[in-house]
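Report on the structure
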Amino acid sequence: MTPGSGLQAGLKNRHLSMIAIGGVIGAGLFVGSKSGIATAGPGILLSYALVGTLVVLVMRMLGEMSAANPTSGSFSAHADRALGRWAGFSIGWLYWFFWVVVLAVEATAGAGILHDWVPGISQWAWALIVMTVLTATNLVSVGSYGEFEFWFAGIKVVAIGAFIVVGLLAIFGVLPGVHADQASFGNLTSHGGFLPHGPGSILTGVLLVVFSFMGSEIATLAAGESENPQQAVTKSTNSIIWRIGVFYLGSILVVVSLLPWNDPSIAKDGSYVAALNTLGIAHAGQIMNFIVLTSVLSCLNSGLYTASRMAFSLGERGDAPKAFARVNSRGVPMAAILASVVFGFVAVFFNYLSPDTIFLFLVNSSGAVALFVWLVICFSQLRMRKILQRESPEKLVVKMWLYPYLTWATAALIVFVLGYMLTDTEHDGRETVLLSLLVAAVVLVIAVVKERIAANRPAPAAEAPADRISVG
């Protein structure tokens, strides 16, 4: 936790463990995987493996910096220190923008499910109820956020774990009522081959699944409000490989093995519901809707927490209104939370007022922010490693593998993915990158102008040094 920040160590070890595990399981895994399967067939496993490897490498870099300097600003604070004020300001605000748009997207998705269950209450009213309840949760204390997330994430973890176990039993022919010729690993190659649309579909699949991994970094932000931040970051970083391997690759392998990748039910019902239906499980659709709703609420809960803590950190560093850095007696940054949720409410309003114009712009213009964040983490780690080696080598308790070569290779892969997105017109990849670059350029200009104004302003005699973030 940042010394003197006012945030309290209200997150317990079990909270952080479950936040770390559940953070990689977004609603996008359940909802968006059907598009990836339709595009790449069983080869979508390679797409998930490629993005998963990318996330593991980026999280290793972030873990190195965060274990040495746990802070609520995470990679934004590290970029501030390693690359300059402009970098911390820009990536911090872009990340905040990403999550407040996610609030609107997830609130709308959750409201849609609840409206189907209780049609007497309109969808916009459900969105309002969901946002209000989770805002209240975050305003009470960081512990209440942790408790809610513990149970939300727990449901997701148990559900996917059960799905994988039951699915594997069916694939090996030991689950009653399921025939081996229907569910088998043969489905990976017997319907047009492992790559029915050719090797290029792997990269197209990457574009469709990359954004479902956003959230892996939440544990490094939350660690700042735990009793032992360094231990929490180290544990989260070291466990990322098996988490992605089990929850993403494991569950998708089960889906494309239980039924053919081109089965019409995948596009109609969704990949997981279609897979559950092949097992003859009653009310599979409603079961999956409940799990998706849990994932949506988890994402909303974490999104509001993450956006508010980034706003808090920006306020602490003078890159946002000072009110954002103030906390109440319970250590809660109320202004930062309320500012984040207000933008979320406005975005929800636009979703109902003009879903195909303003809201679509908000979604697309925040879509590539995940890749921008990962790229900034790469360049920050390249600089921060040298700073740590010079000033506090004992704090390098987590180290990036094969530094600096693997860091440069990761950065090159991210740039390649962004470049490939510019060639994608079928899935809005080009529009997403261009609009995200536009928003990033606007934020960057504001950052540079702000920095120049600050540099030209006469400094008071008692002003703190410009290098405000210590690695100690």
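From a predicted model like this one, the values you see are computed outputs, not experimental measurements. (Residues numbered from 1 in each chain as written. Predicted model: local features only at pLDDT ≥ 70, side-chain atom pairs only at ≥ 80, totals over all residues. Heavy atoms only, no water.)

A separate point is the packing of aromatic side chains. Evaluated as defined, the whole model comprises 19 aromatic pairs. Each ring, one from Phe75 and one from Tyr95, has its centre 4.7 Å from the other, and the planes form 85 degrees; the classification is edge-to-face. Of this pair, Phe75 sits in helix α4 (residues 74-82) while Tyr95 is found in helix α5 (residues 85-117), placing the two residues 20 residues apart along the sequence. Under the relative-accessibility criterion, Tyr95 is labelled buried at 0%. On the basis of an interplanar angle of 50 degrees and a centroid distance of 6.2 Å, the ring pair of Trp242 and Phe247 is categorised as tilted. Assessed through its relative accessible area of 44%, Trp242 is described here as partly exposed. (Phe/Tyr/Trp six-rings, centres within 6.5 Å; stacked < 30°, edge-to-face > 60°. Helix = DSSP H or I, 4+ residues; strand = E, 2+ residues; numbered from the N terminus. Buried < 20%, exposed > 50% of the residue type's maximum accessible area, 1.4 Å probe, protein only.)

The next point concerns the environment of His197. Note that His197 resides in the loop between α7 (142-171) and α8 (200-209). Each residue touching His197, except ones within four places of it in the same chain, is listed here: Ala38, Thr39 and Trp261. (Contact = heavy atoms within 4.5 Å.)

In this section: the pattern of salt bridges. Per the counting criterion, the structure on display carries 9 salt bridges. Note that Arg317 and Asp80 form a salt bridge whose closest N and O atoms lie 3.4 Å from each other. On the criterion of sequence distance, the pair formed by Arg317 in the loop between α13 (284-316) and α14 (334-353) and Asp80 in helix α4 is long-range, its members being 237 residues apart. With a closest N to O distance of 2.7 Å, Arg85 and Asp319 form a salt bridge. With Arg85 in helix α5 and Asp319 in the loop between α13 and α14, the pair connects residues that are 234 residues apart, well separated along the chain. For Arg85, a relative accessible area of 26% gives the class partly exposed. Here the salt bridges share partners, and the residues they tie into one network are Asp80, Arg85, Arg317, Asp319 and Lys450. (Salt bridge = Lys/Arg side-chain N within 4 Å of Asp/Glu carboxyl O.)

This part takes up the confidence of the model for the protein chain. Averaged over all residues, the pLDDT of the protein chain equals 87, while 94% of them reach at least 70. In the predicted structure, residues 463-472 sits below a pLDDT of 50 and forms 20 contacts with residues beyond four places in sequence or in another chain. (pLDDT = per-residue confidence, 0-100.)

Most of helix α12 (residues 271-278) is tucked away, with 7 of its 8 residues classed as buried. For α12, the set of buried residues is Ser271, Tyr272, Val273, Ala274, Ala275, Leu276 and Thr278. Buried-residue contacts for α12 involve α2 (27-40), α7, α10 (229-258), α11 (264-269) and α13. Gly280 sits one or two residues past α12 and shows a positive phi near 75 degrees.

It is worth spelling out the packing of helix α3 (residues 44-68) against α8 at this point. Taken N-terminus to C-terminus, the directions of α3 and α8 make an angle of 60 degrees; their axes are 8 Å apart at the nearest point. Relative to α8, α3 is oriented oblique. Once α3 is placed against α8, the crossing between them reads as right-handed. Judged by residue contacts, Ile44, Leu46, Ser47, Tyr48, Leu50 and Val51 of α3 engage Ser201, Ile202, Leu203, Gly205, Val206 and Val209 from α8. Residue classes in the contact of α3 with α8 are distributed as 9 nonpolar, 3 polar and no charged. (Axes fitted to C-alpha atoms, helices over the stretch in contact; angles between N-to-C directions. Parallel < 35°, antiparallel > 145°, perpendicular 65-115°, else oblique. Left-handed = near helix turned anticlockwise from the far one by under 90°. Nonpolar A, V, L, I, M, F, W, Y, C, P; charged D, E, K, R; others polar.)

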